[in-house]
Amino acid sequence: MTRLREVRVGIQPIERFREVLAEDEIRGALATANRLRHRLAKRVVWNVNSTPVGGGVAEMLQSLLSYARAVGIDTRWMVIGAPPEFFRVTKRIHHALHGSPGDGRPLDDAARAIYEGALEENALELASLVRPGDFAILHDPQTAGLAPALRRCGVRVMWRCHIGHDSWTPEVERGWRFLAPYLRAAQRTVFSRKAYVPEVCDHGRSRIIPPSIDAFSPKNRDLSPATVRAILVHTGLLEGPPPPDADTGFRRDDGSPGRVERKADILRLGRAPPPDAPLVVQISRWDPLKDMRGVLEGYARMVDGHLEEPSHLVLAGPNVTAVADDPEAAGVFDEVAAAWRRLPHSLRDRVHLACLPTADVQENAAIVNALQRHAAVVVQKSLHEGFGLTVTEAMWKARAVLASAVGGIQDQIEDGVSGLLLRDPRDLDGFAALLGRLLGDSALRDRLGATARECVRRNSLGLGHLLRYAELIEELDEEAGPPGIPSA
Ligand code: UDP
């Protein structure tokens, strides 16, 4: 029995972009939306991925689809269901595309059988839902194998890859070799950067669309400083008491009121950070490539010998069992916890490992929002990164960001202008030095933060992203001609 399921998506009016974009941009977007609605008529744009929550893809789908639905485009979000061994294989592919060996096991015929077996059931279920002329946007390696079956149903298929590696290594090649047979069935492939397009997709039908954030979601919308503090005190991330008269209220995606009620599960030695302590924060899934442990060790190097500095470090991620397609989370968290236990008491006092509640995605987003807003420095010391949404989220909040110069982050941050880049992500002394510099210079933090926000406003809000998808759908529809089932 397959567990393919649909994620409910709300609607959000495009007009709300008036708060942050110029009137002619809004008018242009509405005109494109209108044109596309007429073209699509009763056809559906299916998005398929492998988790409804956790990670950047889920984050973007929730927001982008709600704007498209609001203008009358019938776009849906389906999540595949698969057994744990499927996700072990797809995590191996994910690591390979990032140039890393992952669990070191092969991507051989046995792995392929597991991959295809699980997707076959999902494809059958999808085939009963789609109609010729519909569009499918398949996200990431987990769903690439659905492309041939959907093409046979007369669906126009695009594959959107959210990850990638700047250079060609044997690992990277291993990953692409595995995916190649499925990708040949995709009529368009979409990548976050040019450097990520592999040979198998380099045939003139690949497009570059950088990711975006939703300025109006619970993750990114403005919160008053009192609410930020109330949320962080309530969840246990800051020492109380909460400010008088403030509560943990936030606005949900649909405009209805929400309140942060759950608490974070935090590993710490003593008290929570005092509200006036400068906070260094990294928020990520518990994934080895996010290098939470490196952040902990680099921070410890910076603080060691300077204990008079009042900063604290918070490493926060989702509840370790929360992200369905990420089987490594618990193990990575345990490793970070072990590194934390090895710190001397005086340093351990300053480092807090937090698992944020995920039962209510929007509550989780409001906590992330508050944490990013309260941070003096937001860190993203990834070893590889397709594109770091957390970086853009923090930049939108005018935070000073210190991130590794890897993958898409190099397009997101202009070093010394809209944030600071760490050239070699494994250079802990370099990391400690840059972090110390930022913590010691509030004028620099303010300057980087202000430029960062403006960069995001101009380049990374969702409307531009939607327009690129609209162009792509129009282009592919022109090329594909009238809907029908392919003859052979
Ligand atoms: N995130 C979250 N709660 C958490 C940890 C992460 O909502 O506890 C979000 C984070 O805010 C960002 C996304 O997950 O929106 C991570 O996207 P990113 O591109 O940084 O990394 P990915 O997880 O896709 O590799």
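Scroll up to find the structure.
For the structure given in this document, a descriptive report is provided here. (Residues numbered from 1 in each chain as written. Predicted model: local features only at pLDDT ≥ 70, side-chain atom pairs only at ≥ 80, totals over all residues. Heavy atoms only, no water.)

1. Remarks on the overall build of the protein chain
When its secondary structure is counted, the protein chain shows 17 helices and 16 strands. Its C-alpha atoms give the protein chain a radius of gyration of 22 Å, within 12% of the compact-globule value 23 Å for 488 residues. With respect to the principal axes defined by its C-alpha atoms, the protein chain has extents near 75 × 50 × 40 Å. Across the 488 residues that make up the protein chain, the buried fraction comes to 59%. (Helix = DSSP H or I, 4+ residues; strand = E, 2+ residues; numbered from the N terminus. Rg over C-alpha atoms; globule rule 2.2 N^0.38 Å. Buried < 20%, exposed > 50% of the residue type's maximum accessible area, 1.4 Å probe, protein only.)

2. Structural notes on the sheet that holds strand 14 (residues 377–380)
Note: strands within a sheet are paired through backbone hydrogen bonds, in either parallel or antiparallel orientation. The sheet built from seven strands is open, its strands ordered 10-13-12-11-14-15-16 with mixed pairing. Looking at which strands have only one partner, the edges of the open sheet turn out to be strand 10 (265–267) and strand 16 (420–422). Taking each pair of neighbouring strands and ignoring which way they run, the sheet shows an average axis angle of 20°. For strand 10 and strand 13 (residues 351–356), the ladder comprises three bridges, and the chain directions are antiparallel. Following the sheet pairing, Leu267 is matched in strand 13 by Leu353. Along the sheet, helix 10 (residues 329–341) makes contact with strand 10, strand 12 (312–318) and strand 13, crossing strand 13 at roughly 160°. Packing against the sheet, helix 12 (residues 361–374) makes contact with strand 11 (279–283), strand 12, strand 13 and strand 14, and its axis sits at approximately 145° to strand 11. (Pairing = 2+ DSSP bridges. Axes fitted to C-alpha atoms, helices over the stretch in contact; angles between N-to-C directions. Contact = heavy atoms within 4.5 Å.)

3. Examining the sheet that holds strand 3 (residues 75–79)
Ordered by their spatial adjacency, seven strands build an open sheet running 1-3-2-4-5-6-7, and the pairing between neighbours is mixed. A single partner strand is all that each edge strand has here, and the edge strands are strand 1 (5–7) and strand 7 (206–208). Ignoring which end each strand starts from, the neighbouring axes of this sheet average 25° apart.

4. Let's talk about empty space enclosed by the protein
Per the counting criterion, the structure on display carries two cavities of 30 Å³ or more. Size it by volume and the largest cavity reaches roughly 330 Å³. If you trace the largest cavity, you find 27 residues lining it, with Leu64, Ala68, Leu466, Tyr469 and Ala470 closest to the centre. Sorting the residues of the lining of the largest cavity by element identifies helix 1 (23–40), strand 2 (45–49), helix 2 (56–70), strand 4 (135–139) and helix 17 (462–480) as the ones contributing at least two each. (1 Å grid on protein atoms, 1.4 Å probe; cavity = no way out; pocket = protein on both sides within 12 Å on 5 of 7 lines; lining within 4 Å. Points joined across faces, edges and corners; volume = space filled by probe spheres on them.)

5. Comments concerning the nonpolar core
In terms of nonpolar packing, the biggest core is built from 72 residues, with Phe17 and Leu371 touching the most fellow members. Discounting residues that sit within four places of it in the chain, Phe17 has contacts with Ile26, Tyr67, Phe216, Leu461, Gly462 and Leu463. Core analysis: the second largest hydrophobic core is formed by 46 residues, Val48, Ala123, Leu146 and Cys201 among them. (Core = buried A, V, L, I, M, F, W, Y, C linked by side-chain atoms within 4.5 Å.)

6. Side note on the site of the ligand
Contacts to the ligand come from 18 residues, most closely from Gly56, Arg285, Lys290, Leu389 and Glu393. Pro318 places a polar main-chain atom, nitrogen or oxygen, 3.0 Å from an oxygen atom of the ligand. Protein coverage of the free-state accessible area of the ligand, which is 540 Å², stands at 90%. Take the shell around the ligand: its biggest share by element is three residues, from helix 13 (residues 389–396). Residue composition of the shell around the ligand, grouped by class: six nonpolar, six polar and six charged. (Near = heavy atom within 4 Å. Polar contact = N/O pair within 3.5 Å; in protein donor to acceptor, adjacent residues only side chain to side chain. Areas by Shrake-Rupley, 256 points an atom, 1.4 Å probe, with all protein chains shown as cover. Nonpolar A, V, L, I, M, F, W, Y, C, P; charged D, E, K, R; others polar.)

7. Here we look at the pattern of salt bridges
Taken as a whole, this structure holds 33 salt bridges when the rule is applied. The closest approach of N and O atoms between Arg458 and Glu454, which form a salt bridge, is 3.5 Å. Of this pair, Arg458 and Glu454 both sit in helix 16 (residues 442–459), separated by four residues, roughly a single helical turn. Classification of Arg458 by relative accessible area gives exposed; the value is 52%. (Salt bridge = Lys/Arg side-chain N within 4 Å of Asp/Glu carboxyl O.)

8. Considerations on the environment of Gly99
Mapped onto the elements of the fold, Gly99 is located in the loop between helix 3 (84–97) and helix 4 (109–127). Each C-alpha atom of the pair Gly99 and Glu474 lies 34 Å from the other, and the pair is 375 residues apart in sequence. Setting aside residues up to four positions removed in sequence, Gly99 forms contacts with His165, Thr169, Glu171 and Val172.

9. Points about helix 16
Given a rise of 1.5 Å per residue, 18 residues ought to cover 26 Å, and the 26 Å separating the end C-alpha atoms of helix 16 matches this to within 8%. Those residues of helix 16 not exposed but buried are Leu444, Arg445, Leu448, Gly449, Ala452, Cys455 and Val456. For helix 16, the buried positions fall inside an angular range of 130° around the axis, keeping them on one side. In helix 16, the exposed residues that point more than 90 degrees away from the buried face are Ala443, Asp446 and Arg458. Residues of helix 16 that are buried in the fold lie against strand 14, helix 13, strand 15 (400–404), strand 16 and helix 15 (428–439). Among the residues of helix 16, the N-terminal cap falls to Asp441, whose side-chain oxygen and the backbone nitrogen of Ala443 are separated by 3.3 Å. (Expected span 1.5 Å × (residues − 1). Arc of directions from axis to C-beta.)

10. Some words on the packing of helix 8 (residues 225–235) against helix 12
Packing of helix 8 against helix 12 brings their axes to within 9 Å, and their N-to-C directions diverge by 115°. With respect to helix 12, the axis of helix 8 lies roughly perpendicular. You can see that helix 8 and helix 12 cross each other, and the crossing is left-handed. Only Ala366, Ile367, Ala370, Leu371, Arg373 and His374 of helix 12 make contact with helix 8, whose side of the interface consists of Val228, Ile231, Leu232 and Thr235. (Parallel < 35°, antiparallel > 145°, perpendicular 65-115°, else oblique. Left-handed = near helix turned anticlockwise from the far one by under 90°.)

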